[in-house]
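Commentary on secondary and tertiary structure
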Amino acid sequence: MKNNIIIFLILISITFSFSSCDTLKYVADNELLLTKNAVFVNGKKNVNYEITDYIAQRPNQPVLGVPFPLYFYNIGNKNFETDFEKWKLNKPNSYKFTTKVFSEKQARGVRDFKYKTHQWFLNNGEPPVIFDPKKAIQTVENLTQHYYNEGYFNVDVKYEEKKIKDKKIAINYIINTDKSYTLDTITTAIESEVLDSIYSLHKNESAIKTGNQFKLSLFIEEQNRITNLFRNSGVYRFNKNAITFEADSTKTNFTSDVTLIINDSIATVPFKIQKIKNVHIYTDYSYNTKDEPIKINEQYNGYSFLAKEKLKYTPKFLLNSVFIEPNDIYKDETRELTRKNLRRLDNFRSVDIKYEETEDDMLNAFIFLTPLKKYSIGFNTELTHSNIRQLGISGKLSFLNRNIFKGSEILKFSVQGSFLDSKDAADQSSLLNAWEIGSDISLEIPRFLMPFTANKIIPKSMSPSTTFTLGTSLQKNIGLDKQKFTGIIDYTWETTKTKKHSFQILNAQFIKNLNNNSYFDIYTSEYDDLEEIKTTYFPGAELTEDNAINFIKTYINDDFELTNEDEYKIAKNIEARYNIITEDVLVPITAYTFTYNNSENYKDNDFSFFRARIASSGSLLTLISNQKDTNGTKTLLKTPIAQFIRTDLEYKKFWNVSLENVIAFRSFLGVAVPYKNSSAIPFSRSYFIGGPNDLRAWKIYDLGPGSTKSGLEYNVGNLKFISSLEYRFKVINSIKGALFVDAGNIWDISNSTLTSDDAKFNGFDSLKDIAIGTGFGIRYDLSFILLRMDIGFKTYEPYLNTGNKWFQHVNFSNNVYNFGISYPF
């Protein structure tokens, strides 16, 4: 209750602070505050956000319709008296009052603090946008040029001032486009026979065609297409300046004839197809030693490999990243492909490719490679965050050996340790209540390493690579304490820039629990349920944390089920969960992952992402193994082999609505099905829901399965669905805001007789079990890291017994605070 009152008072004070701000505080009498721009195209209000890019002056940035940055700016005082002596003379009463409370030295400090506070508001807020007619005229010119480029040669643009009371103004831009011009007859004037023959072969791919609307963007697209066509057909000297278009727009039927003109030479040097004569690869180039003599010149498959002292790279393997070939025609694409793949090796500080024309009109290619240091040692620390590990401080010491086998391979060895704030930990009173240490070693090979050749299926242009990894870790005070051993063999390749593939022929993990005796000390709610059964039905029996499982085996039998079916299921479920969580298990997975991502770079806010992963565990190993435990489960080295199939599908879409305003959508569907050797999914591979990167109105593990309200510390299932929609916007400078809706749940599809119907997935009828959370978030962007706090409210709770499950706990006493690093998705 106390926290709610404090939060309420804070919100009220913020509201009154902003509402008391006068938007016209710094608007002079002869000035007008620009409050709105509107664009009308042919009498209709424009809804195309692209058009707003041409407006030279925009109103103060609104946040959810309110100009908070302007209010923030107006809190500051631009006229604050910075000179203490002048203030003392001009404000004697204020000075006397201040010096009565503080000493004069302290009074100076108070004045300095006030000045810095005002400056902080002024620097982080946004000053009022004063209407400037010159910028309105510039906008008219911008819009006119835009529509002219779109083929509206008779466009008329003007602006209207709409003055509002209290020194405010709105501007309407009125656009009458008239009819757009279309392309009529398209002719070519290509002087060079070589260029004309190449162009004719690809004429059908032209971006400009008869009947198309006249658009400047189409001509630019065609210019780039022709340039790329010629430069990838051997015409090394060609550049886009040799291409011009002549358009006749004097016709009266809103059509235009176009002539494509391509010169036959540049600077009197005719264009022609040129081939690569020699390829020279400098494997240890350095600008500081470029004049030193070359001592090594080794020939391999028509390539020259040069070095000053010793050739440190095997030519055969280095050529896997080189696509420029002797006697082949010049191509821009092979140049860029070579540069990209050589950089991907992470063996070279710089990759520079140059061409030199020879007397016989051929080209010599020179590839200059500046190697990185062979050995490097690094130490880094970082803050970590995930759904399970709320906060972590980790340190990592790594050793790296490049080109270890002279084929650009990279050997990595690292030792890492973390202090974590984990919900799994028994100690919930400490902030960093758990720790983990581990080490791993990996070998990255920039090609496929396998007993047969796969070049015809996956050529070197797809950047194939192989990674071997071995690792181990020890967790303390996380759940039951675990030790893990991991081995991975991973093949990756890229079919296109946006499509990536991974085939893990082996991703094996051995999980050993180290603290099984503490199970009921950690999972206290389950022990409480047994205590209630014991008190009600077996008051004379002995029950402790150490003998709880023996208690179930002794007393919870078939006779007990006949009269107490619900209590029987509760106890047997506890026993089953105990067996799953405490069981040592071997998880030998084979998995394929497909990823589509058309993001241009990390700043791109308008892209799509899709990931599909299918994994099979234990299929092969259970066929090979002939060992079984007392339960008939196949084992390896006396450890049960997990056998299941799991499929995960994830889709994300981002829309850049306007300047720094983004709509983000995420949807995930996962299903894991145990079979044959396993009756359940290992706990570590099961699905959970809730937490700062998931369903944010519930804490991790708190929801599900289905519409159950078990009260258990850890609720898991083998079917999961979650979908999120989030609106991200800028508030002030580095402060961002967000509004979000999350919907999802987990279910059980194991068909166990012990699982209640409310926890099972029963087709479309189970969609009513999807929980919905809403909320808002504040993010602080430090450019290198983003700190996040999201507040989630339980909007629809499927487990409620009441008839109305909507908005029953949408308040600050039942909300969930989520602290995270980076965006939730």
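Residues numbered from 1 in each chain as written. Predicted model: local features only at pLDDT ≥ 70, side-chain atom pairs only at ≥ 80, totals over all residues. Heavy atoms only, no water.

The secondary structure content of the protein chain amounts to 17 helices and 34 strands. Taken along the three principal axes of its C-alpha coordinates, the protein chain extends 105 × 90 × 65 Å. The buried share of the protein chain, taken over its 825 residues, is 44%. Partitioning the contacts of the protein chain with sequence separation of at least 6, the portion at a separation of at least 24 is 63%. Here the protein chain displays about 43900 Å² of accessible surface, and carbon together with sulfur accounts for 54% of that area. Of the charged side chains in the protein chain, 99 are positive and 96 negative; the average position of the first set lies 4 Å away from that of the second. (Helix = DSSP H or I, 4+ residues; strand = E, 2+ residues; numbered from the N terminus. Buried < 20%, exposed > 50% of the residue type's maximum accessible area, 1.4 Å probe, protein only. Contact = heavy atoms within 4.5 Å. Areas by Shrake-Rupley, 256 points an atom, 1.4 Å probe, with all protein chains shown as cover. Lys, Arg positive; Asp, Glu negative; His and termini not counted. Charge placed at Lys NZ, Arg CZ, Asp CG, Glu CD.)

All right, on to the environment of Ala-548 then. Summarising the element assignment, Ala-548 is placed in helix α14 (residues 548-555). Measuring from C-alpha to C-alpha, the distance between Ala-548 and Phe-740 comes to 43 Å, with 192 residues separating the pair along the chain. Ignoring sequence-local partners within four residues, the contact set of Ala-548 consists of Phe-520, Leu-530 and Leu-543.

Attention now moves to unusual backbone geometry. Of all residues except glycine, most have a negative phi; of all peptide bonds, most are trans. Between Gly-704 and the following residue, Pro-705, the backbone shows a cis peptide bond with an omega angle of -5°. Assignment of secondary structure puts Pro-705 in the loop between β28 (661-674) and β29 (719-732). The phi torsion at Leu-637 lies on the positive side, around 55°, for a residue other than glycine. Of note, Leu-637 is situated in the loop between β25 (634-636) and β26 (639-640). Judged by its relative accessible area of 72%, Leu-637 is exposed.

Where burial is concerned, most of strand β7 (residues 255-262) is hidden: 6 out of the 8 residues are buried. Relative to β7, strand β5 (residues 182-190) runs parallel, the two sharing 7 bridges. The partner of Leu-183 across the bridge, within β7, is Ser-256. Examined bridge by bridge, strand β6 (residues 243-248) and β7 share 6 bridges and lie antiparallel to one another. In the strand pairing of β7, Thr-244 is matched with Ile-261. Between the end of β6 and the start of β7, which pair antiparallel, lie 6 residues, with Phe-254 showing a positive phi angle near 60°. (Pairing = 2+ DSSP bridges.)

Turning next to the packing of aromatic side chains. The tally for this structure, following the rule as stated, stands at 48 aromatic pairs. When the ring of Phe-776 is compared with that of Phe-793, the centres are 6.2 Å apart and the planes differ by 35°; the resulting orientation is tilted. On the criterion of sequence distance, the pair formed by Phe-776 in strand β31 (residues 771-781) and Phe-793 in strand β32 (residues 786-796) is long-range, its members being 17 residues apart. Taken together, Tyr-148, Phe-153, Tyr-181, Phe-214, Phe-219, Phe-245 and Phe-254 form an aromatic cluster joined through their ring pairs. When the ring centre of Phe-688 is taken as origin, the NZ or CZ atom of Lys-720, which lies over that ring, is 5.5 Å away. (Phe/Tyr/Trp six-rings, centres within 6.5 Å; stacked < 30°, edge-to-face > 60°. Lys NZ or Arg CZ within 6 Å of the ring centre and 35° of its normal.)

Tracing the backbone shows Asp-604 in the loop between β22 (585-597) and β23 (608-617). Look at Asp-604: it is buried, it has no salt bridge, and the nearest opposite charge is Lys-653 at 8.9 Å. Here Asp-606 takes part through its backbone nitrogen, which lies 3.0 Å from a polar atom of the side chain of Asp-604. The residues touching Asp-604, leaving out its near neighbours within four places in the chain, are Asn-598 and Ser-599. (Salt bridge = Lys/Arg side-chain N within 4 Å of Asp/Glu carboxyl O. Polar contact = N/O pair within 3.5 Å; in protein donor to acceptor, adjacent residues only side chain to side chain.)

Moving on, we get to the nonpolar core. Phe-520, Leu-530 and Ile-556 are the most contacted members of the largest nonpolar core, which has 28 residues in total. Sorting elements by how many residues they give to this core places helix α16 (residues 565-582) first, with 5 residues. Counting 24 residues, the second largest nonpolar core, distinct from the first, contains Tyr-303, Ala-307, Leu-311 and Ile-353. (Core = buried A, V, L, I, M, F, W, Y, C linked by side-chain atoms within 4.5 Å.)

Let us now look at the sheet that holds β26. Within the open sheet, the 3 strands sit side by side as β24-β25-β26. Their pairing is antiparallel. With partners counted over all chains shown, the strands left at the sheet margins are β24 (627-628) and β26, one partner each. In terms of strand pairing, β25 meets β26 through 2 bridges, oriented antiparallel. Pairing of Thr-635 across the sheet is with Pro-640, part of β26.

On the surface, Lys-310, Lys-312, Lys-374 and Lys-406 cluster together to form a positively charged patch. Take Lys-406: it is sitting in the loop between β16 (389-402) and β17 (410-422). (Patch = residues over 30% accessible without salt bridge, like charges linked within 9 Å, V, L, I, M, F, W, Y side chains within 5 Å.)

Let us look at the sheet that holds strand β3 (residues 156-164). The strand order β2-β1-β4-β3 describes an open sheet built from 4 strands, whose pairing is mixed. In this open sheet, the two strands that pair with only one neighbour each are β2 (44-45) and β3. For β3 and strand β4 (residues 168-176), the ladder comprises 9 bridges, and the chain directions are antiparallel. The partner of Lys-163 across the bridge, within β4, is Ile-169. In the packing of helix α7 (residues 133-149) onto the sheet, the strands contacted are β1 (33-41), β3 and β4, and the crossing angle to β3 comes to about 145°. (Axes fitted to C-alpha atoms, helices over the stretch in contact; angles between N-to-C directions.)

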